[in-house]
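# Structural description and commentary
Chain by chain, the residues run as shown.
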Amino acid sequence: MPNLTGLPMNKGVADQRLNEALQKIKNGTLDTPTPKNMLPDGERAKKRIEEVQKLISEADVRRSSDMKVLMIAMEEFKSFMSGQKSAEEVSKLIQNRVKTYLNE
């Protein structure tokens, strides 16, 4: 969807979008809320885009995940979303619970 941010799932389209962004950065026509003086120059942007393209090329399907770990994260995340706990508190709780679970 065009209104979503991030990179497209299709690697070819992602490459195309990254290259378009690089050209706009070089031309100074990139439409972004970031102030122009905070954007990387053309060479730095090119290097960053190459790094992202390398990561994309190495991306693979998720092999497996531990549902217990996901459930712990989802349970604790609810308290953050409801405003009961801060992100820091929730992340510490998740880390502690997962560590305990993995050590069992």
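Anyway, here's the lowdown on the structure attached to this text. Nothing here was measured: the structure is a model prediction, and the numbers come from that model.

## So, the pattern of salt bridges
- Applying the stated criterion across every chain yields a total of 3 salt bridges.
- Where Glu 75 meets Arg 97, a salt bridge forms, and the shortest distance between an N and an O atom there is 3.1 Å. Highlighted residues: Glu 75 in helix H3 (residues 67-81) and Arg 97 in helix H4 (residues 87-103), separated in sequence by 22 residues.
- A relative accessible area of 40% means that Glu 75 is categorised as partly exposed.
- Glu 76 is the partner of Arg 97 in a salt bridge, and the nearest nitrogen-oxygen pair spans 2.8 Å. You can see Arg 97 sitting in helix H4 and its partner Glu 76 sitting in helix H3, a full 21 residues away along the chain.
- Under the relative-accessibility criterion, Arg 97 is labelled partly exposed at 29%.
- According to the relative accessible area criterion, Glu 76 is buried, its value standing at 11%.

## Considerations on a negative patch on the surface
- There is a patch of like negative charges on the surface, built from Asp 41, Glu 43, Glu 50 and Glu 51.
- Looking at where Asp 41 falls in the secondary structure, it is placed in the loop between helix H1 (11-27) and helix H2 (42-58).
- Given a relative accessible area of 49%, Asp 41 falls into the partly exposed group.

## Considering the packing of aromatic side chains
- If you walk through the whole model with that rule in mind, you get 1 aromatic pair.
- An angle of 40 degrees between the planes, with centres 5.7 Å apart, marks the rings of Phe 77 and Phe 80 as tilted. One end of the pair, Phe 77, and the other, Phe 80, are both in helix H3, 3 residues apart, so they sit about a helical turn from each other.

## Comments concerning the packing of H3 against H4
- Between H3 and H4, the least distance of the axes is 9 Å, while the angle of their chain directions is 155 degrees. Comparing the axis directions of H3 and H4 gives the class roughly antiparallel. Between H3 and H4 lies a crossing of right-handed hand. On the side of H3, the interface is formed by Lys 68, Val 69, Ile 72, Ala 73, Glu 75, Glu 76, Phe 77, Ser 79 and Phe 80, while H4 contributes Ala 87, Val 90, Leu 93, Ile 94, Arg 97, Val 98 and Tyr 101.

Thresholds, definitions, all that
- Residues numbered from 1 in each chain as written.
- Predicted model: local features only at pLDDT ≥ 70, side-chain atom pairs only at ≥ 80, totals over all residues.
- Heavy atoms only, no water.
- Salt bridge = Lys/Arg side-chain N within 4 Å of Asp/Glu carboxyl O.
- Helix = DSSP H or I, 4+ residues; strand = E, 2+ residues; numbered from the N terminus.
- Buried < 20%, exposed > 50% of the residue type's maximum accessible area, 1.4 Å probe, protein only.
- Patch = residues over 30% accessible without salt bridge, like charges linked within 9 Å, V, L, I, M, F, W, Y side chains within 5 Å.
- Areas by Shrake-Rupley, 256 points an atom, 1.4 Å probe, with all protein chains shown as cover.
- Lys, Arg positive; Asp, Glu negative; His and termini not counted.
- Charge placed at Lys NZ, Arg CZ, Asp CG, Glu CD.
- Phe/Tyr/Trp six-rings, centres within 6.5 Å; stacked < 30°, edge-to-face > 60°.
- Axes fitted to C-alpha atoms, helices over the stretch in contact; angles between N-to-C directions.
- Parallel < 35°, antiparallel > 145°, perpendicular 65-115°, else oblique.
- Left-handed = near helix turned anticlockwise from the far one by under 90°.
- Contact = heavy atoms within 4.5 Å.

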